[in-house]
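One letter stands for each residue in the lines below.
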Amino acid sequence: KAGVTQTPRYLIKTRGQQVTLSCSPISGHRSVSWYQQTPGQGLQFLFEYFSETQRNKGNFPGRFSGRQFSNSRSEMNVSTLELGDSALYLCASSLGRATNTYEQYFGPGTRLTVT
Amino acid sequence: AQKVTQAQTEISVVEKEDVTLDCVYETRDTTYYLFWYKQPPSGELVFLIRRNSFDEQNEISGRYSWNFQKSTSSFNFTITASQVVDSAVYFCALHYGGATNKLIFGTGTLLAVQP
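Note that the structure is a prediction, hence the values are computed from the model and not measured.

Turning to the overall build of chain A, a few remarks are in order. Regarding its fold elements, chain A presents zero helices and eleven strands. Helices and strands appear in chain A in the N-to-C order β-β-β-β-β-β-β-β-β-β-β. Taken against the 2.2 N^0.38 rule, which gives 13 Å for 115 residues, the C-alpha radius of gyration of chain A at 13 Å falls within 12% of a compact globule. Oriented by its inertia axes, the alpha-carbon framework of chain A measures out at about 40 × 25 × 25 Å. Sorting the 115 residues of chain A into buried and exposed places 51% on the buried side. Look at the contacts in chain A between residues 6 or more apart in sequence, and 54% of them connect residues 24 or more apart. Summing over all exposed atoms, chain A offers an accessible surface of approximately 5300 Å²; the carbon and sulfur share of this is 48%. With 12 positive and 6 negative side-chain charges, chain A shows a spacing of 3 Å between the two charge centroids.

Rendered as structure tokens:
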């Protein structure tokens, strides 16, 4: 089974621009979560999508948004980029049934650098 | 509120030494799930183990073992006969609770295994 894939792997943007990151979960997995990892704040939960619905959202400004498609692929968007948005963005895939907690499998991440 | 503490920021050992990574958690839930992940320099988080709060049996997988103690709210991870390939950042995580896959991560422990 193919693992979680994220594209692009590396991205350089300038302040004020917007960016879209993509995540393809493991086949059959319906839950996709996004995390931001920075040296200062560590791993922080951004949001989770399950069957195209946002199920939970972390404490991030509205500039961070996401969506999930019917094939479970997910995208996250960051508008009006700031220098502090430079981070490794990790996507996690899980079976995600509503009443169970399954292991989450992470992708290789997208390294975003904002200049 | 849920919280995970990994007090050890960095640990350095010589190959073949045993090493224990500490994890202390806080939660008000009676049923909860704990996880360990490994993050090698490549950046991808690799799932190691998931433990349910109602299963206090220790688990061993090859050179890896986990000691779960509800009485002290700890979920420690031991690597026996460490190898250079074990060098990575290790994260302990707690499931947030409810119908979501959100994880609360500790700050991680950087393990350096010297040859």
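As enumerated under the stated definition, the model contains eight salt bridges over all chains in all. Close ionic contact of B:E59 with B:R51 constitutes a salt bridge, the shortest N to O distance being 2.5 Å. Put simply, A:R63, A:E82 and A:D85 are held in one network by salt bridges that share partners.

Attention now goes to the packing of aromatic side chains. The geometry of two aromatic rings is summed up by the distance between their centres and the angle between their planes. Counted under the stated rule, the structure contains 20 aromatic pairs over all chains. Joined through ring pairs, the aromatic side chains of A:Y35, A:F45, A:Y105, A:F106, B:F35, B:Y37, B:F47, B:F91 and B:F105 make up one cluster. Lying over the aromatic face of A:F50, A:R55 brings its terminal NZ or CZ to 4.4 Å of the ring centre.

The next point concerns the interface of chain B and chain A. By convention, interface size is frequently given as the accessible area that disappears when the constituent parts associate. On the chain A side, the residues contacting the 19 residues of chain B number 23 residues. Both sides of the chain B and chain A interface together cover about 1800 Å² of buried area, and 52% of this is carbon and sulfur. Among the residues of chain B in contact with chain A, B:L45, B:N101 and B:K102 are the three that bury the most area, contributing 31% of the side total. At the surface where chain B touches chain A, the tally comes to one salt bridge. A salt bridge links A:E103 to B:R50, with the shortest nitrogen-to-oxygen separation between them at 3.4 Å.

Attention now moves to the state of the cysteines. All names here are of chain A. Scanning all chains against the criterion turns up two disulfides over all chains. The disulfide partner of C23 is C91, and the S-S distance across this bridge is 1.7 Å. Of note, the bridge from C23 to C91 carries an S-S torsion of about -50 degrees and is left-handed in sense. Of this pair, C23 sits in strand β3 (residues 19-24) while C91 is found in strand β9 (residues 87-94), placing the two residues 68 residues apart along the sequence. Here C23 matches C91 in class, with each residue buried.

Counting 23 residues, the largest nonpolar core has B:W36, B:F77, B:Y90 and B:L111 as its most contacted members. Those elements that provide at least two residues to this core are β2 (10-14), β3 (19-21), β5 (33-39), β8 (64-69), β9 (74-79), β10 (88-95) and β12 (109-114) of chain B. Top element by residues in this core is β10(B). It accounts for four residues. If you look at the next biggest cluster of nonpolar residues, it comprises 21 residues, including A:I26, A:M76, A:A87 and A:C91.

Right, let's talk about the pairing of strand β11 (residues 110-114) of chain A for a bit. All names here are of chain A. Here β11 shows a buried face lined by T110, L112 and V114 and an unburied face lined by R111 and T113. Summarising the sheet, strand β2 (residues 10-13) and β11 pair through four bridges and their orientation is parallel. Paired with I12 across the two strands is T113, which belongs to β11. Taken together, the three bridges between β9 and β11 define a ladder with antiparallel strand orientation. Directly across from L88, in β11, lies its bridge partner R111.

The rules behind each value
- Residues numbered from 1 in each chain as written.
- Chains lettered and ligands numbered in written order.
- Predicted model: local features only at pLDDT ≥ 70, side-chain atom pairs only at ≥ 80, totals over all residues.
- Heavy atoms only, no water.
- Helix = DSSP H or I, 4+ residues; strand = E, 2+ residues; numbered from the N terminus.
- Rg over C-alpha atoms; globule rule 2.2 N^0.38 Å.
- Buried < 20%, exposed > 50% of the residue type's maximum accessible area, 1.4 Å probe, protein only.
- Contact = heavy atoms within 4.5 Å.
- Areas by Shrake-Rupley, 256 points an atom, 1.4 Å probe, with all protein chains shown as cover.
- Lys, Arg positive; Asp, Glu negative; His and termini not counted.
- Charge placed at Lys NZ, Arg CZ, Asp CG, Glu CD.
- Salt bridge = Lys/Arg side-chain N within 4 Å of Asp/Glu carboxyl O.
- Phe/Tyr/Trp six-rings, centres within 6.5 Å; stacked < 30°, edge-to-face > 60°.
- Lys NZ or Arg CZ within 6 Å of the ring centre and 35° of its normal.
- Buried area = accessible area lost by both parts, 1.4 Å probe.
- Disulfide = S-S within 2.5 Å.
- Core = buried A, V, L, I, M, F, W, Y, C linked by side-chain atoms within 4.5 Å.
- Pairing = 2+ DSSP bridges.

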